[in-house]
Structure formats: structure tokens, C-alpha cells
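# Descriptive structure summary
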Amino acid sequence: MSNGNTALAEKYRNNFLQEVIANVEEGEWVRMCMQCGVCAGSCPLGNAWAHTPQEIFMMIRAGKREEVLTSDSMWMCTSCYNCIVRCPRKLPITHIMHGLAHYAERMGLAPKNQPTRKFALEFWKNLTKTGRVNETSLGVKLYFIDGFVSGIKKGLAALPLGLRMFKTKRLDPMAMISSSGCKGKGDIHKILAKAKAIEDAKFQSKNA
Amino acid sequence: MSEAEMKIGAYLCKGCGIGERLDMSAIAMITEREAKAHIVKEHDFLCGEEGVSLIQNDIDNEGVNRVAIGGCSRRAKTEAFTFGDIPVTRANWREGVIWIRPDTDEARETTNDMAADYIRMAVAEVKFMHKPEPNEERATNNRLLVVGGGISGMTAAVEASKAGYPVTIVEKTGALGGIAAQLHKRVPEKSPFAEPVDTGVAELIAAIDADKNIEVCLNSTLAKTDGAPGRFEVTVATESGSTEEKTFGAIVQASGFTPYDANKLPELGYGKSADVITQLELEKLVNDGAGDIIKRPSDGKQVSSVAFVQCAGQRSDKEGHLPYCSGHCCTTSIKQALYFKQSNPGIDTNIIYTDLRTPGAGGEDFYRSGQDKGVTFTKGNVSEVSSEGDSLAVKFKDLILNEDAQENVDLVVLATGMVPNSGPNIDSELTEEEKNAEEKPISILNLNYRQGSDMPQLKHGFNDSHFICFPYETRRTGIYTSGPVRRPMDIFQAKEDATGAALKGIQAIENAALGRAAHPRSGDLSFPSFQKSGCTQCKRCTVECPFGAIDEDEQRYPQFNEARCRRCGTCMGACPVRVISFKNYSVDSVGQQIKNVEMPDEFDEKPRILLLACENDAYPALDMAGMNRIEYSAFIRIIPVRCLGSVNLIWITDALNSGFDGVMLMGCKKGENYQCHFVKGSELAQIRTSKVDDTLQSLSLEPERVETHEVAITDIERIPQLINDMAATIERIGMSPFKF
Ligand code: SF4
Ligand code: SF4
Ligand code: SF4
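Here the structure is a predicted model, which means the values were calculated and not measured.

It is worth spelling out the packing of helix H9 (residues 329–343) of chain B against helix H10 (residues 363–372) of chain B at this point. Residues and elements named next belong to chain B. Where H9 meets H10, the closest approach of the two axes is 10 Å, and the angle between their N-to-C directions is 30°. Between H9 and H10 lies a crossing of left-handed hand. Contacts between H9 and H10 pair Thr331, Ile334, Lys335 and Leu338 from the former with Phe366, Tyr367 and Gly370 from the latter. Looking at the contact of H9 with H10 residue by residue, the classes come out as four nonpolar, two polar and one charged.

Structure representation (C-alpha cells):
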């Protein structure tokens, strides 16, 4: 695999674009972008990102592998689909954003402390453990995602809300200790393992 | 025709609400007693069958030979109110009076004044209108001369031949095909617009070879061109020096373009590295490799990466660059990138552009097809191309990422532009540089016209043709330019253009044969004639005619070439001694209308403003203002003119002398983006009227009393406003002291 965007010879050459086309979900669409900037202007979060989708697509063409894959921009996508609706070239931008994030994760280049990434990992762990999301433990994890002290502070601040939720049976503290998973928990794990194996194999064969 | 033989019938329509709004019996009396129409008849619905036959009957049985109609605008019901070649005028009571005036008691009197004046004017005008007859200069040669044997010229020839007209192609080089013949393939012009396709040149040449109706003269140029539509006398000279006289009905100039000289772009590495080439040079390179393997010129290495630099020396204000976009180069680069992708999809092809322009129905599809096949597109501004080791370094500013960038490639292709082969610019002196240049622009047509050897140019050396309204109508009737000599274009557009030009040629041929105007007043039989005895040989008409229709005879009198004339009347407006006139449009036909407006005295508080309005745009806009019931001053009196260019200063002077308080002129936009139907008419009129100030001064009148405006057909709210503004100005500065 290419060792990044430092080598001058690779600038604006198609290596990274080819890599994205081959490995990123919906990545083949990147080449169809006509750089109109409509997505950048439509993304409600775009101005909070380091790079708008338009820019990310240009960076891919410019061969900026490392910069793209280590970027936290695509992790910021909230899947609002504004861009997809508006892109005159019909690029599935939202999906490409997630595809890129996923690929960066697989490559081990994703930014470690990016909050949505951390949350996504927690969510995945929580979900796949029993086959059902445990909202209580996921919520608590989320409170403590930035460490113990900040977790306690945030928890105290939200205490009245928690109590009200408890009263209206929207919060079950018992679930912290005994959660009810779904019935075929073992099967779900098998399914997930199989899916992972298929995906890995696919990836390996593409990059053999 | 003498006054005695003249019999004017005036027909006053009461339909469309006119009857309710106007005092018809009073107006009928005025028409009879003051305007002196011989027959005056009122009718409830004149454009109906009964009304029309009422008029026809008077023509057939009562000897009526002039018709003045009070009713709707001259632009409405034209079919109903056409009676063979009998001159007809209109008093525009509907669009021009009742629809633009409020229906109130106070307004009644001024509204009636308006209507009465318009019928006075209509009767006065028709007295000075005579049946036009086809001009003598009828010639019937129907062969089309096509100058240039490229795509455009060949297409014009094939299309004209298909329509049944014989054609002669005169081509400077030794073969047909032009620049298109040098191409490997061309951009597709049919769905799915995905792949480069065959140029079609061979096919066209074969069609011409097989066509007995098309004669081809290779290695030939035009040594002299003289005459007019239907009778162009052309001397065709061959390289060997022999000449031949030929006669043609019309000419299509398809002289094409010369590729921009890339040596002017050393910063882009041209001339410094053999691997920096132009688009046209790449075509050759691809042809040499039979399209399969593309090798770079310097060392024959197979190209593995190529960058296309768009707008090389184009769309730039830099000295020596072309300021315009050549229109085809973006799609051409896509096409060429696909040559590489077709030979090997692994070749990196990067098109560096600032704005990608893919005109035409399939342009966008072709762009997408390029992307789909892996051509990449980078929005960037290239500043430098230089050799770096074994490769070329392309330095540019990435306009999306907003940073300086560089790409190293094997081959760089410059998208340079097209320079029209339009011959010398007849409207400007040669610059010092041009005078000293080794290669002076060579005349294409060698016209023996007083105004110069070639077609007038508009901008950047491209030939002038009416861009906005009549794109094929050049400024030399019977000679039509087509292809990149008219504006930058691609093959598809050039073919369309050629078809249009061929059709214009046919139009000129057919109308010349009938002694009528070719266009835009197609079929008009009137033509300008001049009274030699009065002419002072001032040459204004010969200089000002926008269409070069007037030459000089041996005695240095103007010599009109009716078949070249567009009937704009610019010569009539220009003539200081007023000896130029048309049968149905003359200094008198308008002047008498001005004189026949009833002039209330100074204390009546009824000012009078004259508006001379171009009949192509200003007058229709006024009619539309009426349709929209937009009110304007009742003090205005509007006279449509063929073109503002036909306005003779005497009309303005006469109007001021006879007590008009203000004079307005409305014509089309002038200048580079002109909309004037006669190209130069409104511009010349404005130059002329700028001299009115002297007249005003000599009469001690305020300069505000005369105004010229550029208007468009869409100005249906602005024009009434301008009129009202003028009325307000008159109120402010007071009435003219010249009312007697
Ligand atoms: S879907 Fe994602 S990238 Fe698209 S507009 Fe919404 S947040 Fe932005
Ligand atoms: S809207 Fe679509 S075409 Fe436009 S810049 Fe974004 S991805 Fe590219
Ligand atoms: S100025 Fe107009 S009317 Fe006069 S000769 Fe030229 S084209 Fe004809």
C-alpha cells in the first residue's frame, strides 16, 4: 500500500483515487464529482469541519491519502442527507463519508479521540454484546467518555432529568447489572463473525 | 402620381371600444375637412369581413388608391388590412390612444386631440407613399460560392446542393478537409455522447466528389469579388497564377481559423520541451501511433501520465493572449484524454481547468463519460510548466484546496485557442506592429466595395453578424460567414452554422431574383433612390451605409446596389441635402406627419412632444404598454421609423421650429452588444443627434428638449416612464416659444 502523500511523484496521480474506488463503500462515485460545491454549501455542519465533502473529494484526487484518512471531517457527518438530495451529480455523499470513515478505521488511521468515532465504537460494542442496545449502560458510558471527573459532573447536572425519566419508567437502573439480551445471542455473534470474515476476505483479495 | 389622381380613403373603426371613447363625428369631420381624405367612412368592426370588403369595394369601384385606417396599431391585423400593393397607413387609436389614456371626463379632450392628430398624420403620410416596384437590378445567378473547404465550407456546399443550388468551393490548400482532417477523432454529437467518434471528413469529401452539382477549385483564392446578390463577379486565382472569372448568386465565407501560436507561451514550456504540445499536435501524435500507443516526442517513451492545461493563452488579458474562450477546447481535452484511456486505462490523465465549459446538448454527458472512464479534473490555475529530471513539472494553484500544487507528468497538452481567418480589419488602420509584421492579414474576399476589401469585424477579429436577433446576417448582403470565422466554435456548431449560412445565401439569391430585400425586411420591394441633381457628393451615404451597399460611380456620385441594400434608410437619414428616399418612406412621409400635428398655442397648456420610435423594438414595446394599459402622457405624438439610422436631422429641426416642446428618439442598443436590427443605425443616429445641440443653441432652446434613448422591446414600463419624464421636463422648463 502507498505510504502516503509525501511522495511528489504521486501528487495528482490516480493511486489514492484508485485505492478509494477499490476499497471504500461507494468510493467509485468520487470520480464523478464536478466540484460544484453544492454539498459544501448544503451541509449544515460543513463550516464546523476541517474539510467539506467537496474538498475531501478533491484531496482524494490530489492524492492526499494521509490527510484524508486521518481527517476527522467525515466522522462529523450526521447523515442528514442534505448533500445527497442536492448533489447535481447524484453522488451518495453521506454514504461515501461513512465509507471513508470506515476505511480509515480499518487502516488504523482514524483520529483516536474523535468523539463520534468513540461513541460509534461504544455503540457497536454495546449492541453486538447481546444483540440489543442497552440504553442505560450506553448512556452511562457516554457520560464517562471523557473520563471520570467530567462524567460525574455531567451526571450531576443531568440528575433532575434522570429522576424524571426514572419516575416515568424511561430509565431502568437495574439494567446496569442485569440486561436482557436477545434470544439467539450466540447466533448473532456467529453472523457477525461470518460477515467480518467475508469482508476481510474481500478486502484481502482486492489488495493482494 | 399627381395630387389629382390620388384618392385617399380614410376608414375609422369604432370597434374594440374605440367608438365609446372617442368623439367619432368630430374626428370624421377633421379627417374630411382638415386632413382632406377623399372618402371618410366609419365602421363598427373594420377588420371583420364586412369592414374589409367595404375598403376593398372602394378600391375596386371608387378609385381609392391610398388607404388610411384609424383603429388598431399597424402591427395588428396586418393581413386583413393589406390590399395588394395599395399604400396603407394607420392611426394607432387602440394601442396608442384609448389603451394608454384613462377613461375619465377630464382626459376626454386630450384623448380626442391625440386621436385626431394621429388620423391627420396617417392621411398626411399616405399622401407621400407610393407603390414600390421591384428594383431593376434583378439578377438570377443561383450558384453559391463557398470560400474554404473545411468542415464548415463542405457542409455549406453539401446542404446548398441538397436544396438544389449549384456550388463552387474555392479552397486555398491542395485538399478539402481543413483542420478537421488533421484530427484523429472528434467529439461525439449524438447520444450517448460517450466516446470520440470518426471525424466524418472523409464522408463529406466523398459526398462532394460524388456530387455533380459541386465544383471544387483547389489551390485557389479570390483575387477579386464585385457585384451584389445574384450577380457577384469573382476572379478565382490559382496558385499557378492563372485566373478565371466566375459569377455567383451568393457567397459563404467559411475561411476558418488559424491555431494560436503556442510559441507565445514559453512559461508553459512550449518550445522549451518537446513534450509540451498543443491539442492539434496531439492529434498528430495519436494518428502517428495509430491511436494505440502514444509516445512522447522527446524520447519516444510510452506516455504514462498526461496533464491538459486548459485556457492556455486564452481568456486572459495578458499581452499576446486571446481574451476570449474558444469554446471547443474543454470537450476536446476530454476527447483527447479518452484517447489515452482507450489505449490504456492505467494512464493518468488530468485536466487542469479554471472553468470547465462543455457546450451543446451532449457536452455534460461527455464530461461525465470522461469522469466515468477515469479522467480526472482539477480546478486549478497553471502558472508554469518546466522540465524536471525525466518529467515535466506542472505548477498550479489548486483552486479548491486553495494551495500551490505540482504534478509531474510525461506529457503536457496545451488547450490553445483559435484565431479567426477574417482578413484585414477594414474599420481600423493597421497598427505599427501589424505594418511591420512579416505576415500581414491577407484579404479573403478582395471585395471591390467602397467600404473595404473584407467583411467588417465586431470584436477580436471575428466577423460581425447580428448575434442577438439574426446570427447569420452579416453586414454584406449576399455574403455570409460561417464557422470559426464568425465566432469560436466546435465541429458540430460549425456544421449547424454552415447550414444556416447556406440558407441565408439561398434567401439572398431568391430575393435578388425578384428585386426584393433579402433580410431582415425580407421581401420589401422599396429601395432607396437618389436625385442626382441635388447630390453634393458629400459621401455621407456611402460611408454610413452599415452594409456597404453604396459604391461610387465614375463621376463620384453614389451608386446604389439595391440587391445589397437592407432598406434601413440610414442613407436617407444621413443625406444632408435630403435627396435619398424610398417610394413608401421618405423625408416627406415622416416630415409631413410632423407638420400635420395640430399645434395648440402657447397659452393652451397643451405641450406637444414628438417621439420617433424604432419600429423594430421601441414601437412594439409601446404597443405592449398599451396592451398592459400603462398610462402615458397625452401630449406625445409617436411616429415609427424603420431604424433610428433613418432619422434625418431635418425632422428634428422642423419639429422644433413648428413648436414641438420636446423631441424624443428611441432606438435599439448600440455598441459591442448592439441590438439594432441594422447594426449601426442607432449608433449613427446618436452621433448625428449629438449635433442637435447646435440647432438648439441657435434657436435658444434648452438642451433638455431633445433626448435620445436606447430601449429594448422588453421596456414596456420604462418607455412610458421616459415619456412621462419628458412631459414633466417640459412642464418644468416651460413651453416652446416657437408656436405660431
Ligand atoms: S449527510 Fe453528512 S455530509 Fe451530507 S450534508 Fe448531512 S452531515 Fe453533511
Ligand atoms: S454536490 Fe456533488 S458534484 Fe457538487 S461538489 Fe459536492 S459531491 Fe461534487
Ligand atoms: S443605408 Fe440602408 S437603405 Fe441605405 S443603401 Fe445602405 S442598406 Fe440600403
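After that view, the rundown keeps rolling.
What follows concerns the sheet that holds strand S5 (residues 144–147) of chain B. Two strands in a sheet stick together by hydrogen bonds in their backbones, pointing the same way (parallel) or opposite ways (antiparallel). Residue and element names in this part refer to chain B. Across the sheet, which stays open at both edges, the five strands sit in the order S7-S6-S5-S11-S25 with parallel pairing between neighbours. Every interior strand has two partners, whereas the edge strands, strand S7 (214–217) and strand S25 (479–481), have only one. Direction aside, neighbouring strands of the sheet carry axes that sit 20° apart on average.

All names here are of chain B. Cis geometry is adopted by the peptide bond preceding Pro192, which originates at Ser191 and carries an omega value of 10°. The topology assignment puts Pro192 in the loop between strand S6 (167–170) and helix H7 (201–209). With omega at -5°, the peptide bond leading from His519 into Pro520 counts as cis. In this fold, Pro520 is placed in the loop between helix H12 (491–514) and strand S26 (529–530). The residue Lys77 is not glycine, and still its phi comes out positive at about 50°.

Residues and elements named next belong to chain B. The sheet built from seven strands is open, its strands ordered S13-S19-S14-S15-S16-S17-S18 with mixed pairing. Each edge of the open sheet is held by one strand with a lone partner, namely strand S13 (276–278) and strand S18 (403–409). Adjacent strand axes in the sheet meet at a mean angle of 35°, parallel and antiparallel pairs treated alike. Looking at chain direction, strand S14 (residues 305–309) and strand S15 (residues 348–353) are connected through five bridges and run parallel. Bridge pairing links Ser305 to Asp348 in S15.

As a further point, take the site of ligand 2. Residues and elements named next belong to chain A. Neighbouring residues of ligand 2: 14 residues in total, closest Cys33, Cys36, Gly37, Cys39 and Cys87. Of all the secondary structure elements, the ones that give two or more residues to the shell around ligand 2 are helix H2 (38–42) and helix H3 (53–61). Residues that form the shell around ligand 2 fall into these classes: ten nonpolar, three polar and one charged.

Further remarks concern the pairing of S6(B). Residue and element names in this part refer to chain B. Alternating residues of S6 divide into Val167 and Ile169 and Thr168 and Val170, and every residue in both groups is buried. Bridge analysis of S5 against S6 gives four bridges, and the strand direction is parallel. Residue pairing for S6: Val146 is matched across the bridge by Ile169. Crossover connection from S5 via helix H6 (residues 151–162) to parallel S6: handedness right-handed. For S6 and S7, the ladder comprises four bridges, and the chain directions are parallel. By the bridge assignment, Ile169 is partnered in S7 with Val216.

For the rest of this paragraph, the subject is the nonpolar core. Side chains that are nonpolar tend, in soluble globular proteins, to be buried together. Residues and elements named next belong to chain B. One finds Trp93 and Trp651 to be the most contacted residues of the largest nonpolar core, which totals 96 residues. Take this core: its biggest share by element is eight residues, from helix H5 (residues 105–127). If sequence neighbours within four positions are ignored, Trp651 has contacts with Met572, Tyr585, Ser586, Val587, Val590, Gly591, Ile594, Leu612, Val641 and Ser646. Core analysis: the second largest hydrophobic core is formed by 58 residues, Val309, Ile352, Phe396 and Leu401 among them.

Below, the discussion takes up the packing of aromatic side chains. In the structure shown here, the tally under the stated rule is ten aromatic pairs over all chains. When the ring of B:Phe547 is compared with that of B:Phe678, the centres are 6.3 Å apart and the planes differ by 80°; the resulting orientation is edge-to-face. Note that B:Phe547 is positioned in the loop between helix H13 (540–544) and strand S27 (550–552) and B:Phe678 in the loop between strand S32 (662–667) and helix H18 (681–689), a separation of 131 residues in sequence. One Lys or Arg, A:Arg89, reaches over the ring of B:Tyr367 and ends 4.5 Å from the middle of that ring. Just above the ring of A:Phe203 sits the side chain of A:Arg106; from NZ or CZ to the centre is 4.7 Å.

Let's shift gears to the domain arrangement of chain B. Residues and elements named next belong to chain B. According to the domain assignment, chain B consists of domain 1 (1–131), domain 2 (144–256 + 421–514), domain 3 (259–418), domain 4 (529–564) and domain 5 (599–740). Just the C-alpha atoms count here: the centres of domain 1 and domain 5 sit 24 Å apart. Contact with domain 1, which involves 17 residues of that partner, is made by 21 residues of domain 5. Where domain 1 abuts domain 5, roughly 1,700 Å² becomes buried across the two surfaces, and 54% of that area is made up of carbon and sulfur atoms. Per-residue buried area on domain 1 facing domain 5 is highest for Arg75, Trp99 and Ile100; these three make up 33% of the total on that side. For Arg75, the salt bridge identified is with Asp623, shortest N-O distance 3.9 Å.

Moving on to the interface of chain A and chain B. At the junction of the two partners, chain A supplies 20 residues and chain B supplies 26 residues. Summing the contributions of chain A and of chain B, the shared interface buries around 1,900 Å²; its carbon and sulfur component is 48%. At the junction of chain A and chain B, the tally comes to four salt bridges. B:Glu403 is the partner of A:Lys64 in a salt bridge, and the nearest nitrogen-oxygen pair spans 2.2 Å. For the pair chain A and chain B, the number of links is twelve residue pairs in polar contact (both at pLDDT 80 or more). For the side of chain A that touches chain B, the secondary structure elements donating two or more residues are helix H1 (15–23) and H3 of chain A. Among the residues forming the side of chain A that touches chain B, the class breakdown is nine nonpolar, four polar and seven charged.

Next up on the list: the domain arrangement of chain A. Domain boundaries assigned for chain A yield domain 1 (3–110) and domain 2 (115–197). Of note, the centres of domain 1 of chain A and domain 2 of chain A, computed from C-alpha atoms alone, are 30 Å apart.

Conventions and cut-offs
- Along each chain, residues carry numbers from 1 onward, in the same order as the chain's sequence is written.
- Chains and ligands are labelled sequentially in the order written, the chains with letters from A and the ligands with numbers from 1.
- Local features in a predicted model are, by the rule used here, given only for residues with pLDDT of at least 70; side-chain atom pairs are given and counted only at 80 or more, and totals for whole chains, interfaces and linings are based on all residues.
- Calculation of side-chain values draws on the structure's entire complement of heavy atoms; hydrogens and water are dropped beforehand.
- Axes here mean lines fitted to C-alpha atoms, for a helix over just the part in contact, with angles spanning 0 to 180 degrees between N-to-C directions.
- In DSSP terms, a helix is any run of H or I states spanning at least four residues, a strand is any run of E spanning at least two, and both are numbered starting from the N terminus.
- Each helix crossing is assigned a hand: it is left-handed if the near helix lies turned anticlockwise from the far helix by less than a right angle, otherwise right-handed if that turn is clockwise.
- Between two residues, a contact is recorded if the distance between any of their heavy atoms is within 4.5 Å.
- Basically, the charged four are Asp, Glu, Lys and Arg, the nonpolar ten are Ala, Val, Leu, Ile, Met, Phe, Trp, Tyr, Cys and Pro, and anything else, Gly included, counts as polar.
- What makes two strands pair is DSSP finding at least two bridges between them.
- Note on definitions. A residue lies near a molecule or strand when any single heavy atom of the residue is within 4 Å of it.
- Type-normalised accessible area, obtained with a 1.4 Å probe on protein chains alone, sets the label of each residue: buried when under 20%, exposed when over 50%, and partly exposed for intermediate values.
- Whether a crossover is right-handed depends on one test, that the path from the first strand over the helix to the second runs clockwise when the strands point away from the viewer.
- For our purposes a nonpolar core is just a set of buried Ala, Val, Leu, Ile, Met, Phe, Trp, Tyr and Cys residues, chained together by side-chain atoms within 4.5 Å.
- Only Phe, Tyr and Trp rings are paired, with Trp represented by its six-membered ring, and only when their centres lie within 6.5 Å; those with planes under 30 degrees apart are stacked, over 60 edge-to-face, the remainder tilted.
- By definition here, charges over rings are those cases where NZ of Lys or CZ of Arg is within 6 Å of the ring centre and within 35 degrees of the ring normal.
- Boundary definitions for the domains trace back to an automatic or database domain assignment.
- Buried area, as used here, totals the accessible surface that two parts lose on assembly, with accessibility defined by a 1.4 Å probe and the loss added over both.
- One side-chain nitrogen of Lys or Arg within 4 Å of one carboxyl oxygen of Asp or Glu is enough to make a salt bridge.
- Polar contacts, as used here, are pairs of N or O atoms within 3.5 Å; protein pairs need one atom able to donate a hydrogen and one able to accept it. Residues neighboring in sequence count only if both atoms are side-chain atoms.

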